[in-house]
Amino acid sequence: MKKLSVFLFLFLAVHSLIAQNQITLNVDLAEQKISRHIYGHFSEHLGRCIYGGFYVGENNQLIPNNKGMRTDVVAALKKLQIPNLRWPGGCFADTYHWKDGIGPRENRPSIVNTWWGGTTEDNSFGTHEFLELCDQLETEAFISGNVGSGTVQELADWVQYTNADHESPMSKWRKENGQESPWKVKYWGLGNEAWGCGGNMRAEYYADLYRQYATYLTASSRGSDIYRIAAGSSSGDIYWTEVLMKNIPSKLMEGISLHHYSVIDWGQKGPSTEFAEDQYFTTMQRALAMEDHIQAHSTIMDKYDPEKKVALIVDEWGGWYEVEPGTNPGFLYQQNTMRDAMIAGTTLNIFNNHCDRVKMANLAQTINVLQAVILTSEEKMLLTPTYHVLEMYKIHQDAKQVPIHVKSGHYKFGNRELDAVSASASVDQTGAVHISLVNIHARESQNVEIALRGTKQSTVSGRILIADKLQSHNTFEKPDAIEPQAFQDTKLDGDVLSVDLPPFSVVVLVIK
Ligand code: AHR
């Protein structure tokens, strides 16, 4: 007996020496659903996101389209199963007057896009076009209303126009414009970044204004299921969240938003491809700060809403760098490398692990802007490393989150250090367990031992996203340079799964 315990002690000591990273999955404790809406996207009238990205006009002979929507883009996004699409902004939303964007196109007024490059916005892509796009994508619409420069009546009319099935001036107008049945848009944002481009308001002022808008939105929705999202704070500004949570009754607010970008320094964002390891490290510090921000905002929300009736909606997130040389600075066009795959993999793991409070998130932005999943150049299109992460992670959508404990090794750079490994897990209705793992270390692989508690499984399959350099990216000449590959570097021994993660890689495993 004594010999056995000495042996066991030695075995455990050696085991913990060998594995740099240890993870425990409590599969039997899975309860909370990972809302598929965490995998949402964002499309603003900014640069080439809408025009040239999604929409090329129905008379375009060069680029195949269906009612003006690029068919290549729609097919690629359907493969991601995108659950929702936020539109028309961003900052643009608080300058947008929706009535400019309906009716015959030749009668629509042109306006100046004051936030983004001062370009002419001809309003050829408006409400009908956006909701047609959502239909083609089989995704839910999330409309951001204008609170900064609009009126309560204007927003209430928009809800009536899209949602009313009873006789009203707005439903009559919709029918005259060719749409008989209402679209029943559920998700409505009430302004955007009200502390900044959305009106430079104080939290106290916005909270009161929000109550007024929410009241009339509810009245005009007349029973249709609407979900109202308050314009929330930026990164660590918990004061804003506290004022809103304290002053807005939960019967008027289903969600409160949070924006957090992984930006090195707003004055010096650094290039999107030619970055050095210290810039990479700082980007990852900013990305992983999402964990602290969610914890901080959730703590305040728990104080006022212990039953978690109000959701935290991270409706803008992603990496933000300098624009590609030679492109319009107001268009925010940037390339997308393995660094972006690291941001995407770690951030989605954080959201999955906080799915009790985080019910929706929107990557900024879908096409040609910031951390895009798709880049286009005229008729050409490429899928970025970020796209591939979202595609690999889609198995988590609506699966049950598996409570996880991660003891990570370190990624050290100079006198700074971060956890090297990030992970989240889920279990689906068939009992298959999914684990997503990211090794952010720029130079070293990580071995990971995963204890599978509360489940009996015997086969493992997986895919990996990997490249030779952190700066690697897909180009229009080589659009498939980075793509997921089959991953076999795993060993399942009883309840323990051992995995070797190469430097800066994303791995998704399915255990059955
Ligand atoms: O995503 C780009 C901009 O970033 C959005 O318009 C705004 O909400 C945020 O500041």
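Residue positions within a chain follow its written sequence, with the count starting from 1. Given that the model is predicted, a residue must reach a pLDDT of at least 70 before its local features are reported, and side-chain atom pairs must reach 80 or more before they are shown or counted; all residues, however, enter totals for whole chains, interfaces and linings. Water and hydrogen atoms were dropped before computing side-chain values, which therefore reflect all heavy atoms in the structure.

How would you summarise the pairing of strand S1 (residues 21–26) if you had to cite specific residues and measurements?
By the criterion of burial, S1 is predominantly enclosed, with 5 of the 6 residues buried. With 6 bridges connecting them, S1 and strand S22 (residues 446–453) associate as parallel partners. The residue of S22 that forms the bridge with Ile 23 is Ile 450. Note that S1 and strand S17 (residues 404–407) share 4 bridges and pair antiparallel. Remark: exposure states derive from per-residue accessible area (1.4 Å probe, protein chains only) relative to the maximum for the residue type, with buried under 20%, exposed over 50%, and partly exposed in between. Under the scheme used here, helices are H or I runs from DSSP no shorter than 4 residues and strands are E runs no shorter than 2 residues, and both carry numbers assigned from the N terminus. Strands qualify as paired when DSSP identifies two bridges or more between them.

Pulling in residues and values, what's your account of the site of the ligand?
A single heavy atom is enough: if one lies within 4 Å of a molecule or strand, its residue is considered near that molecule or strand. In the vicinity of the ligand lie 13 residues, with Glu 44, Cys 91, Glu 193, Tyr 261 and Glu 316 positioned nearest. We define a polar contact as two N or O atoms separated by no more than 3.5 Å, with the added condition that, inside protein, one atom must be a possible hydrogen donor and the other a possible acceptor, whereas residues neighbouring each other in sequence contribute only through side-chain atom pairs. For the ligand, an oxygen atom lies 3.0 Å from a polar atom in the side chain of Asn 192. Taken together, the residues of the shell around the ligand break down into 6 nonpolar, 4 polar and 3 charged. Under the grouping applied here, Gly and all other residues not named as nonpolar or charged are polar, the nonpolar ones being Ala, Val, Leu, Ile, Met, Phe, Trp, Tyr, Cys and Pro and the charged ones Asp, Glu, Lys and Arg.

Provide a residue-level description of the side chain of Thr 455, including the pertinent values.
Note on placement: Thr 455 falls in the loop between S22 and strand S23 (460–465). Within the structure, the side chain of Thr 455 is placed 2.7 Å from the side chain of Gln 457, a separation counted as a polar contact. Here, two residues are considered to be in contact whenever any of their heavy atoms come within 4.5 Å of each other. With near-sequence residues (within four places) excluded, Thr 455 lies in contact with Val 27 and Val 433.

Break down the state of the cysteines for me, citing the residues and quoting the values.
Cysteine sulfur atoms that pair up within 2.5 Å are treated as a disulfide. Throughout the structure, instances matching the rule amount to 1 disulfide. Paired through a disulfide, Cys 91 and Cys 197 show a sulfur-sulfur distance of 2.2 Å. An S-S torsion of about -85° defines the bridge between Cys 91 and Cys 197 as left-handed. Taken as a pair, Cys 91 in the loop between strand S5 (84–87) and strand S6 (111–112) and Cys 197 in the loop between strand S9 (187–190) and helix H6 (203–221) lie far apart in primary sequence, 106 residues in all. Here Cys 91 matches Cys 197 in class, with each residue buried. The thiol of Cys 49 is unpaired, and the distance to the nearest cysteine sulfur, on Cys 134, comes to 12 Å. On the basis of relative accessibility, which here comes to 0%, the residue Cys 49 falls in the buried class.

With reference to specific residues and values, describe the environment of His 410.
On the secondary structure map, His 410 appears in strand S18 (residues 410–413). Between the C-alpha atoms of His 410 and His 441, which are 31 residues apart in sequence, the distance is 8.1 Å. Ignoring anything within four residues of it in the chain, the contact list for His 410 reads Glu 417, Leu 418, Asp 419, Ala 420 and His 441.

Please provide a residue-by-residue account of the confidence of the model for the chain, values included.
The predicted model of the chain has a mean per-residue pLDDT of 95, with 96% of residues at 70 or higher. A score from 0 to 100, pLDDT tells how confident the predictor is in each residue. pLDDT under 50 marks residues 4–16. Its contacts with residues more than four places away, or in other chains, come to 3 contacts.

Report on the sheet that holds strand S27 (residues 505–511), specifying residues and quantitative values.
An order of S16-S20-S21-S27-S23-S24 is seen for the 6 strands of this open sheet, with the pairing classed as antiparallel. The strands lining the two open edges of the sheet, one partner per strand, are strand S16 (400–401) and strand S24 (485–486). Two elements, S23 and S24, share 2 bridges in a ladder whose sense is antiparallel. Bridging from a neighbouring strand, Ile 464 pairs with Gln 485 of S24. Structural elements are reduced to axes, namely lines fitted to C-alpha atoms, with helices fitted over the stretch in contact, and the angle between N-to-C directions of any two is expressed from 0 to 180 degrees. Of the strands in this sheet, S16, strand S20 (421–427), strand S21 (433–439), S23 and S27 are in contact with helix H9 (residues 338–353), which crosses S20 at around 50°. The strands touched by helix H10 (residues 385–393) are S21, S23 and S27; relative to S23, the strand with the most contacts, the crossing angle is about 165°.

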